[in-house]
Amino acid sequence: QVQLVESGGGLVQAGESLRLSCTASGSIFSISAMCWYRQAPGKQRELVASITSGGWRNYADSVKGRFTISRDNAKKMAFLQMNSLKPEDTAVYFCKADLSTGSGSRPYWGQGTQVTGSS
């Protein structure tokens, strides 16, 4: 089955770093955009960072200069390097990828991983 699997979340002190990983698996023809979203308790899900197949990146203003999105096309993976974590970064982080399969192209979502920046 086609799926996205995330890892790397955890609880760290403010100012420390984490790296999230997202791995796509299954019969995938191609992967276009890959994105990281987050959703804090009581808040809407927001786009944190995105990267196109050509390497173009975009970030939410709240994480610019601290977070870096990257991808490894050969491994079908995306990463989110999170430095200088703040308490307000605490949220469930989700990977989303636009995957092309034999049945067409559509977005797939990971299961989410908890990130907590403790003050």
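Residues numbered from 1 in each chain as written. Predicted model: local features only at pLDDT ≥ 70, side-chain atom pairs only at ≥ 80, totals over all residues. Heavy atoms only, no water.

Caption draft 1: Focus on the nonpolar core. By size, the foremost hydrophobic cluster in this structure holds 30 residues, and its most contacted members are Leu4, Trp36, Phe67, Leu80, Met82 and Tyr93. Secondary structure elements with two or more residues in this core: β3 (18-25), β4 (30-39), β5 (46-51), β7 (67-72), β8 (77-82) and β9 (91-101). Not counting residues up to four positions away in its chain, the partners in contact with leucine 4 are Cys22, Thr23, Ala24, Cys95, Lys96, Ala97, Leu99, Tyr108, Trp109, Gly110 and Gln111. (Core = buried A, V, L, I, M, F, W, Y, C linked by side-chain atoms within 4.5 Å. Buried < 20%, exposed > 50% of the residue type's maximum accessible area, 1.4 Å probe, protein only. Helix = DSSP H or I, 4+ residues; strand = E, 2+ residues; numbered from the N terminus. Contact = heavy atoms within 4.5 Å.)

Caption draft 2: Molecular detail of the packing of aromatic side chains. Applying the stated rule across the entire model yields two aromatic pairs. Ring geometry for tyrosine 37 versus tryptophan 109: centroids 5.0 Å apart, planes at 50°, classification tilted. Of the two residues, tyrosine 37 sits in strand β4 while tryptophan 109 sits in strand β10 (residues 104-109), which places them 72 residues apart along the sequence. The exposure class of tyrosine 37 is buried, given its relative accessible area of 18%. Seen from their ring centres, phenylalanine 94 and tryptophan 109 are 6.4 Å apart, and the 80° between their planes marks the pair as edge-to-face. With phenylalanine 94 in strand β9 and tryptophan 109 in strand β10, this pair connects stretches of sequence that are 15 residues apart. For tryptophan 109, a relative accessible area of 37% puts it in the partly exposed group. Lying over the aromatic face of phenylalanine 94, arginine 45 brings its terminal NZ or CZ to 3.9 Å of the ring centre. In this structure, arginine 106 packs its charged tip against the face of tyrosine 108, placed 3.8 Å from the ring centre. (Phe/Tyr/Trp six-rings, centres within 6.5 Å; stacked < 30°, edge-to-face > 60°. Lys NZ or Arg CZ within 6 Å of the ring centre and 35° of its normal.)

Caption draft 3: Unusual backbone geometry, seen in detail. Positive phi, normally seen in glycine, also occurs at lysine 76, with a value near 55°. Relative to the helices and strands, lysine 76 resides in the loop between β7 and β8. Overall, the relative accessible area of 28% leaves lysine 76 in the partly exposed class. One non-glycine residue with positive phi stands out, namely serine 84, at about 50°.

Caption draft 4: View of the state of the cysteines. Taken as a whole and judged by the stated rule, the model has one disulfide. Each sulfur of the disulfide joining cysteine 22 and cysteine 95 lies 2.1 Å from the other. Residues cysteine 22 and cysteine 95 are joined by a disulfide whose S-S torsion is about -80°; by sign, that bridge is left-handed. Of this pair, cysteine 22 sits in strand β3 while cysteine 95 sits in strand β9, and the two are 73 residues apart along the sequence. Residue classification places cysteine 22 among the buried positions, given a relative accessible area of 0%. On the accessibility criterion, cysteine 95 (0% relative accessible area) is buried. There is no disulfide at cysteine 35, and the cysteine sulfur nearest it, in cysteine 95, is 8.1 Å away. (Disulfide = S-S within 2.5 Å.)

Caption draft 5: Broad picture of the sheet that holds β7. Ordered by their spatial adjacency, four strands build an open sheet running β1-β3-β8-β7, and the pairing between neighbours is antiparallel. For this open sheet the edge positions go to β1 (3-7) and β7, each flanked by a neighbour on one side alone. Shown here is a sheet whose adjacent strand axes are inclined to one another by a mean of 15°, direction ignored. Alignment of β7 against β8, held across six bridges, turns out to be antiparallel. Each residue of the ladder has a partner; that of serine 70, found in β8, is phenylalanine 79. (Pairing = 2+ DSSP bridges. Axes fitted to C-alpha atoms, helices over the stretch in contact; angles between N-to-C directions.)

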